[in-house]
Amino acid sequence: GRRCVANNIRIKQVRSGSNAMQKQRATLEALGLRHHQAEVIKEDNPAIRGMIRVVAHLVEVEEVD
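Residues numbered from 1 in each chain as written. Predicted model: local features only at pLDDT ≥ 70, side-chain atom pairs only at ≥ 80, totals over all residues. Heavy atoms only, no water.

Peer 1: For this particular structure, what's the right way to read the nonpolar core?
Peer 2: Side chains of nonpolar character tend, in soluble globular proteins, to be buried together. Grouped together as the largest cluster of nonpolar side chains are 13 residues, with contacts concentrated most on Ile11, Leu33 and Val59. Of all the secondary structure elements, the ones that give two or more residues to this core are β1 (8-13), α1 (22-31) and α2 (46-54). Excluding its chain neighbours within four sequence positions, the residues that come into contact with Leu33 are Ile11, Gln13, Leu28, Ala38, Glu39, Val40 and Val59. (Core = buried A, V, L, I, M, F, W, Y, C linked by side-chain atoms within 4.5 Å. Buried < 20%, exposed > 50% of the residue type's maximum accessible area, 1.4 Å probe, protein only. Helix = DSSP H or I, 4+ residues; strand = E, 2+ residues; numbered from the N terminus. Contact = heavy atoms within 4.5 Å.)

So this is what it looks like as structure tokens:
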């Protein structure tokens, strides 16, 4: 199978979610982003990538070690 790499990604909220759709607000909340300019570091996995796709226009993503 695929070798599991413990890569992390930094997710930074760059736009306000206050006027986003409910699903997108819920996704930001689930990622741990509570306000504009908030940053979280999450494990890079398909579930997190899927959540990022939902709010891609509100966040900036970069890979970290």
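That covers the picture; the talk isn't over yet.
Peer 1: Explain the side chain of Gln24 to me, please; I cannot follow it from the model alone.
Peer 2: Examined against the element boundaries, Gln24 turns out to sit in helix α1. The class for Gln24 is buried, based on a relative accessible area of 11%. When sequence neighbours within four positions are dropped, the list of residues in contact with Gln24 reads Val54, Val55 and His57.

Peer 1: Is there a simple way to explain the pattern of salt bridges in this structure?
Peer 2: One side chain can pair with another of opposite charge once the charged atoms of both are near each other. Scanning all chains against the criterion turns up five salt bridges. The closest approach of N and O atoms between Glu39 and Arg10, which form a salt bridge, is 3.4 Å. Of the two residues, Glu39 sits in strand β2 (residues 39-43) while Arg10 sits in strand β1, which places them 29 residues apart along the sequence. Glu29 serves as the salt-bridge partner of Arg34, at 3.3 Å between the closest nitrogen and oxygen. Exposure remark for Arg34: the relative accessible area of 55% places this residue in the exposed category. In the salt-bridge network here, residues are joined through shared partners; they are Arg10, Glu39 and Glu62. (Salt bridge = Lys/Arg side-chain N within 4 Å of Asp/Glu carboxyl O.)

Peer 1: I keep staring at the sheet that holds β1 and nothing clicks. Help me out?
Peer 2: Through backbone hydrogen bonds, the strands of a sheet pair up, either in parallel or in antiparallel fashion. Within the open sheet, the three strands sit side by side as β2-β1-β3. Their pairing is antiparallel. A strand with exactly one partner marks an edge of an open sheet, and here the two such strands are β2 and β3 (59-64). Sheet twist, expressed as the average angle between the axes of neighbouring strands with direction ignored, equals 25 degrees. Bridge count for β1 against β3 is six bridges, and the pairing is antiparallel. Across the sheet, Ile9 pairs through a bridge with Glu63, a residue of β3. The sheet strands contacting α2 are β1, β2 and β3, and the helix crosses β1 at an angle near 20 degrees. (Pairing = 2+ DSSP bridges. Axes fitted to C-alpha atoms, helices over the stretch in contact; angles between N-to-C directions.)

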